[in-house]
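The primary structure of each chain is shown beneath.
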Amino acid sequence: MMSPPVDPVSSSPALPPRADVVVIGGGIVGVSTALALLRKGHSVVLCEKGRIGGEQSSRNWGWCRAMGRDSREIPLIQESLRIWSGLDQVAGQDLGFRKCGIVYLCETEAEMQGYEPWLEHARQHQIGSRLITAKEVQDVLPGLARKVAGALYTRTDARAEPAVAAPAIARALQSLGGTVMTECAARSVETAAGRVSGVVTEKGRIACDAVVLAGGSWSRFFAGNLGFDLPQLKVLGSVLRTKPLEGGPESSAAGSDFAFRKRADGGYTVAHGGLSTAEITPDSFRLFGAFLPALRKEWRGIRLHLGQQFLTEMRWKRRWKADEVTPFEQIRVLDPVPDNRLLDQAMANLRKAHPAFAGVVEAQRWGGLIDVTPDAVPVISNVAALPGFFIATGFSGHGFGLGPGAGRLMADLVAGDTPIVDPAPFRFSRFSDGSKVTVEAGF
């Protein structure tokens, strides 16, 4: 296992026979949804096939950013950042949330100008993002040796600790009376009179009125067994962490070939920043048409990889009965091998770009599979064909920062309350109702 160290969460002792809502998936979105529902007065059972925060929710960069968001996500990330700012009190511990600022380095004037269209969106929402000069970059990232034209900078953007956040929220859920079942895979959803009536898990059945699927990279697979075609693919994120480093930058930053974030332990999380690895799976061919516009737009930043994941998924059954063992039980935690070539490049580039990292010691590497939609915007929605069934997935690498806000929005939809933001951009039906699914210039 190459997974990062994640705070443990003990499973609740017994599976309740009934709850108002069952949440499937114990990542940042699932635990945030469950906690928000519980605080609204609903009884909740959260079912996680492995461990809380064991997959991408603990493997991401730890950025909580408004900068660079697709315009459709901006209202939601603003609400999410407000929730993040008070989440320590709710969770009863420090989640590492700090407004450290985030910098996107620009090596040319053309790159600087390329951010102007997005800044028009940002100004409407008063995010505070702005272009800064090369001299100002030195004020924010003292000691930077790389020659830059300037940067896009957002002083109020933040960071938090992925390995801590989802587990802490899950423990808060338990302390308030919610149930958290780990190593308890949900197998299927039962219906009665045309709507959700229960969930069958490997440990038994839970009667319920609503189900929220927050399964990350597994969501398409689970939804497909229910007859719903959720267009979602996987991108491999490769990340490393260093041992503690004295004198490193406080702000998070990304250049064309590295990205970093200071960790609570004094080390740094490092990734490439400019390239991602797209895992080729059987679904890559099934969804080729849906993802072709995104591929055309982003092809310079994507490396295609055909490896073990293709063979693994080719062997999976795509339909199963509630009394059958599923791949959710056979693979408790997705733990892919990172793209070591990208990480070698990122570390070498960072050492050249900032002398403070010249002697930094690497501690660990890991990979994580990111759930991606054709327009890189999540699904946070009901499913009209099955009343009582909801989906929160496809966060396309933006989910950690969005998690608390997405959970609150999902809880609003399940409860029938006024939503925290307009949910229309996140509706599941946009992929099938004739809407034009567009990829915006988010980054």
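Throughout this description, residue numbers start from 1 for each chain and increase along the sequence as written. Given that the model is predicted, a residue must reach a pLDDT of at least 70 before its local features are reported, and side-chain atom pairs must reach 80 or more before they are shown or counted; all residues, however, enter totals for whole chains, interfaces and linings. For the side-chain quantities, the full set of heavy atoms in the structure was used; hydrogens and water were omitted.

Asker: How should I be thinking about helix H15 (residues 399–415) in this particular structure?
Answerer: An α-helix turns once every 3.6 residues. As a result, residues three or four positions apart point the same way. Most pronounced at Gly405, the bend in H15 amounts to some 35°. Burial classes: relative accessible area under 20% of the type maximum marks a residue as buried, over 50% as exposed, and values in between as partly exposed (1.4 Å probe, protein chains only). Runs of E in the DSSP output that reach at least two residues are strands. Runs of H or I that reach at least four are helices, and both are numbered from the N terminus. Of all 17 residues in H15, 14 are buried, a share of seventy percent or more. In the stretch just after H15, Gly416 is the one whose phi turns positive, near 75°. What we call the bend at a residue is the angle made by axes fitted to the seven residues finishing there and the seven residues starting there.

Asker: Quick question: what am I supposed to make of the pattern of salt bridges here?
Answerer: Once their charged atoms are close, side chains differing in charge can pair, the charge on each being opposite to the other. Any Lys or Arg side-chain nitrogen located within 4 Å of an Asp or Glu carboxyl oxygen qualifies as a salt bridge. Counted by the stated rule, this structure contains 35 salt bridges. In this structure, the salt-bridge partner of Glu73 is Arg69, at a minimum N-O distance of 3.2 Å. Like Arg69, Glu73 is buried. With a shortest N-O distance of 3.4 Å, Glu250 and Arg159 are connected by a salt bridge. Of this pair, Glu250 sits in the loop between strand E13 (233–242) and strand E14 (252–254) while Arg159 sits in strand E7 (residues 158–159), placing them 91 residues apart in sequence.

Asker: Would you take a moment to explain the sheet that holds strand E9 (residues 186–192) for this structure?
Answerer: Taken in spatial order, the three strands line up as E9-E10-E11 in an open sheet, and their pairing is antiparallel. Edge positions in the sheet fall to E9 and strand E11 (204–207), since each has one partner strand and no second. Each adjacent strand pair in this sheet contributes to an overall mean axis angle of 25°, direction not counted. Pairing between two strands requires that DSSP report at least two bridges joining them. Pairing of strand E10 (residues 195–201) with E11, which is carried by four bridges, proceeds in the antiparallel orientation. Residue pairing in the sheet places Thr201 in a bridge with Gly204 of E11. Every angle, taken between N-to-C directions, lies between 0 and 180 degrees, and every axis is a line fitted to C-alpha atoms, over only the stretch in contact when it is a helix.

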